[in-house]
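Fold and contact review
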Amino acid sequence: MTPYSGNLGWVDLAVSALLIVLAGAVSLAWGLGIHRRLLISAVRSVVQLLLLALVLQWLFAHASPWLTGLAAAVMLGFAANEIFGRQDRRLTGAWGYGAGGLAITLAATAVTLFALAGPVRPEPWYDPRYAIPLLGMILGNVMTGIAVGLNTLTAAVARDRTAIEARLALGHSRWRALGDTVRHALRTGLIGIVNSMSAAGIVFIPGMMTGQILAGQPPEEAARWQILILFLIAGATAVGTVTAVMLTVARLTDDRHRLRLDRLQTRGDGR
């Protein structure tokens, strides 16, 4: 089969945008109230992706470890902000941003460097054609895992406050008293990548494999790359979610093993 070599034009994209109109019509018909958010999200994605294309084109033409590092830092900053914004309850002060930000920076950076130094091995190692897409794929999934894990943790702590304080009063350490809550938060944060790996290749063809096949790569080669990406995402999500949850538990308790919900605020709380 001859690989597809045509160009996707603006008219083609305009036709595909009719599906966004269809989704908005569903929202209006059923009174879901998300049609405006849907439109804003669609416009935002178009603008962001086109700007990203321009930035990447410039980065690829001026390959530099400093520019690649700067681009990675900007991506990490936005990812940390997204984690902060997705939490219904968050830690007060700098911890609200820092717990998720530190966790995703540690996990995504470590796993991306591992991939560049090990399985991928581009020349040079900081080649933005490899480093930036790898980091982007890892970030998107780790961000979701951390946000879901933290949201689950803080909601459970607020809900089960009485039971947790009872365990602490009986002499349990903070880690033992919060053990079930921590396990539930970690399980929730990791279930997304577990489901993705379980269904990949049977229920759906993952995005990277699809893109490589459309670009003309042999299916076996595309499958190997997709397997690598899934493994990288799984490792980074595990490291990031565990780090974020443990940092948050440490902040929601103190050295005297007391629960400190005064360090937790709901979204929109001005404290």
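Residues numbered from 1 in each chain as written. Predicted model: local features only at pLDDT ≥ 70, side-chain atom pairs only at ≥ 80, totals over all residues. Heavy atoms only, no water.

1. Overview of unusual backbone geometry
A cis amide bond links E123 to the next residue, P124, at an omega of 0 degrees. With respect to the helices and strands, the residue P124 is situated in the loop between α5 (95-120) and α6 (128-159). Backbone geometry places R121, a non-glycine residue, at a positive phi of 50 degrees. When you line up the elements, R121 lands in the loop between α5 and α6. The phi angle at H257 is positive, at roughly 60 degrees, despite the residue not being glycine. Along the chain, H257 falls in the loop between α11 (219-252) and β2 (264-266). You can call H257 partly exposed: its relative accessible area is 32%. (Helix = DSSP H or I, 4+ residues; strand = E, 2+ residues; numbered from the N terminus. Buried < 20%, exposed > 50% of the residue type's maximum accessible area, 1.4 Å probe, protein only.)

2. Describing α5
Over its 26 residues, α5 runs 35 Å from end to end, which matches the ideal 38 Å to within 8%, given 1.5 Å per residue. R121 occupies a position one or two residues after α5 and carries a positive phi of about 50 degrees. (Expected span 1.5 Å × (residues − 1).)

3. Notes on a nonpolar patch on the surface
A surface patch of nonpolar side chains, amounting to about 660 Å² of accessible area, comprises L19, L22, V26, W30, L32 and I34. Looking at the secondary structure, you find W30 in helix α2 (residues 18-30). By relative accessible area, W30 is classed as exposed at 70%. (Patch = residues over 30% accessible without salt bridge, like charges linked within 9 Å, V, L, I, M, F, W, Y side chains within 5 Å. Areas by Shrake-Rupley, 256 points an atom, 1.4 Å probe, with all protein chains shown as cover. Salt bridge = Lys/Arg side-chain N within 4 Å of Asp/Glu carboxyl O.)

4. So, the pattern of salt bridges
Going through the model one piece at a time under the given rule, you end up with eleven salt bridges. R260 is the salt-bridge partner of D254, the closest N and O atoms lying 3.7 Å from each other. Among the residues examined, D254 registers a relative accessible area of 9% and is labelled buried. Its salt-bridge partner being R260, residue D262 comes within 2.9 Å of it at the nearest N-O pair.

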